[in-house]
Amino acid sequence: MHLRVSKALLRSKPALSPSSNILDSLASTSTASLLPAASSSVRAIDVAELPVLSQKHLKESEVGKAMVYSEGFAKKILDNELPRSLRKDLVLTSRPTTVLRKATVAIVENLKAGKQLKVILGGRSGTGRSTVLLQTIASCQDSGWLILHVPDANHLTDARYAFSQPKGDGKMYEQPVVAQALLKRFLAANDKAALGKLDKAVLQAVEKGSKELASASERLQTLLQSSSKQTPILLAIDSAEALYKTSKYVTVENKLIEPSSLSVPALLRACIEGSNSSYASLSAIAALDKSSGLQVSSKQVAKVSPGPLTRTEAAGIYQHMADTLLLESEPSDTSFLENLVGSDGNALLFTRGLRAIPGATARGVVKKGKRRGVSVKNDRLHSITVTVDKEL
């Protein structure tokens, strides 16, 4: 069947409340019918047919469209320690896919124009902060930017890495192991051609710090200070609220250490907040959970939120889930609207309410004899097409 979404429905502001009346929402639109007759041609799309997310797709007209991440990006970035919930979403198809968000377009445009070099990506859990962060990284890397990705800042403060006591009367606890891990991640995430754009001395310093623990912290600072218009570097941090919460490290007196006294979290905070002029040319984006109650107060920082799903974004996600056999039931306008309203526009809740959960979450997962993301035909399945009525 075809899900036909009218322009009026896309423009209208839904009363995003679980108690909203779906029938009233439908009646309020000027479209005559949201459900034309069922289509006879039904198949699940091969995700390889989707366009690869790149700089040329970062425009308003592409918002809500499904795309795949490039193979290089998947190998260099997505195989890192991503948050579990995000990783589970990315392995449900034969190649990792995403639906372009409006916030991504705005953030990338401002970053590349130099209007906003420091961005806090706020919002409550499930609004799509991590998705927008990855889309931003993919677009910037496609444009030749160098990327330093911190997929989970909790790992910098949860005491999994060794640290050293302050020297003399100092109050900063050094984390050379963490700094070295970040330098190694930087070298692994960027190809040789991109790394070749770095000043030769900076690249040598990074390579040295990735091998010599004693100099790792100093070399990390050198790297972050080297960003310029000619060689832009994007520092991208997920779960950045961990940089502002009491860490799990303890002093010799058995007292918990604040992240401002840990060398790497303190460095990254200075980069995010723009409080140190040494990192003025560095672009930084940090996803921070608004529900944590934390506020980053700095005039240098632009605060952006993905916000609730727009009708265009939600329709794109719904279409993509139907195309890749991820819907729990047959697609319909009722299912679409009930889940959008019931989720209050929360991207995670919206998809979770629609999804047919597989027995295992691994690429190439098999359910009912069908491999997700691969072209198949099934008489019990229906494809949907989201269209927009231009004349209403």
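Before going into details, it helps to say that this report is about the structure given with it. Everything numeric in this text was worked out from a predicted model, so none of it was measured.

Examining the pattern of salt bridges
Two side chains with opposite charge may pair up if their charged atoms get near one another.
Phase 1: Applying the stated criterion across every chain yields a total of three salt bridges.
Phase 2: Of the charged contacts, one joins R101 and E313 as a salt bridge, the two residues approaching to 3.0 Å between their closest N and O atoms. With R101 in the loop between β2 (97-99) and α5 (102-113) and E313 in helix α12 (residues 311-323), this residue pair connects regions lying 212 residues apart in the sequence. Summarising the burial analysis for this pair, R101 and E313 share the class buried.
Phase 3: Among the salt bridges present, the one from R160 reaches D158, with a minimum N-O distance of 2.9 Å.
Phase 4: A relative accessible area of 46% places R160 in the partly exposed class.

Quick notes on a positive patch on the surface
Phase 1: A contiguous patch of positive charge on the surface is contributed by R84, R87, K88 and R352.
Phase 2: Broken down by element, the positive patch gets its largest block of residues, three residues, from helix α4 (residues 84-90).
Phase 3: Among the secondary structure elements, R84 is positioned in helix α4.
Phase 4: A relative accessible area of 62% places R84 in the exposed class.

As for the sheet that holds strand β3 (residues 118-121)
Each strand in a sheet pairs with its neighbour through backbone hydrogen bonds, running either in the same direction (parallel) or in the opposite one (antiparallel).
Phase 1: If you trace the five strands from one edge of the open sheet to the other, you get β4-β5-β6-β3-β7, paired in parallel fashion. The outermost strands of the open sheet, each flanked by one partner alone, are β4 (146-150) and β7 (301-304). Adjacent strand axes in the sheet meet at a mean angle of 15° when their direction is disregarded.
Phase 2: As judged from the four bridges shared by β3 and β7, these two strands associate in the parallel manner. Each residue of the ladder has a partner; that of L121, found in β7, is V304.

With respect to unusual backbone geometry
Phase 1: Phi is positive for N254, close to 65°, though the residue is something other than glycine.
Phase 2: Checked against the element boundaries, N254 lands in the loop between β5 (233-237) and α11 (263-273).
Phase 3: Residue class for N254 comes out exposed when judged on its relative accessible area of 62%.
Phase 4: Phi at L325 takes a positive value of approximately 60°, unusual for a residue other than glycine.
Phase 5: Assignment of secondary structure puts L325 in the loop between α12 and α13 (333-342).

A closer look at the packing of aromatic side chains
Phase 1: According to the stated counting rule, one finds five aromatic pairs in the structure shown.
Phase 2: Summarising the aromatic geometry, the rings of F163 and Y173 are spaced 5.7 Å apart at their centres and angled 55° between planes, so their arrangement reads as tilted. Separated by ten residues along the polypeptide, F163 in the loop between β4 and α7 (176-189) and Y173 in the loop between β4 and α7 bring together distant segments of the chain.
Phase 3: Residue classification places F163 among the partly exposed positions, given a relative accessible area of 24%.
Phase 4: Under the relative-accessibility criterion, Y173 is labelled buried at 12%.
Phase 5: Measuring from ring centre to ring centre gives 4.9 Å for F163 and Y249, while their planes differ by 75°; the resulting arrangement is edge-to-face.

Points about the pairing of strand β6 (residues 283-287)
Phase 1: In terms of burial, β6 is a largely internal element, five of the five residues being buried.
Phase 2: Of the two faces of β6, the one carrying S283, I285 and A287 and the one carrying A284 and A286 are both buried.
Phase 3: Taken together, the four bridges between β3 and β6 define a ladder with parallel strand orientation. Pairing of V119 across the sheet is with I285, part of β6.
Phase 4: In this sheet, β6 lies alongside β5 in parallel orientation, the contact comprising four bridges. By the bridge assignment, A236 is partnered in β6 with I285.
Phase 5: In terms of handedness, the path from β5 via α11 over to β6 forms a crossover that is right-handed.

About the criteria used
- Residues numbered from 1 in each chain as written.
- Predicted model: local features only at pLDDT ≥ 70, side-chain atom pairs only at ≥ 80, totals over all residues.
- Heavy atoms only, no water.
- Salt bridge = Lys/Arg side-chain N within 4 Å of Asp/Glu carboxyl O.
- Helix = DSSP H or I, 4+ residues; strand = E, 2+ residues; numbered from the N terminus.
- Buried < 20%, exposed > 50% of the residue type's maximum accessible area, 1.4 Å probe, protein only.
- Patch = residues over 30% accessible without salt bridge, like charges linked within 9 Å, V, L, I, M, F, W, Y side chains within 5 Å.
- Areas by Shrake-Rupley, 256 points an atom, 1.4 Å probe, with all protein chains shown as cover.
- Lys, Arg positive; Asp, Glu negative; His and termini not counted.
- Charge placed at Lys NZ, Arg CZ, Asp CG, Glu CD.
- Pairing = 2+ DSSP bridges.
- Axes fitted to C-alpha atoms, helices over the stretch in contact; angles between N-to-C directions.
- Phe/Tyr/Trp six-rings, centres within 6.5 Å; stacked < 30°, edge-to-face > 60°.
- Right-handed = clockwise from strand over helix to strand, strands pointing away.

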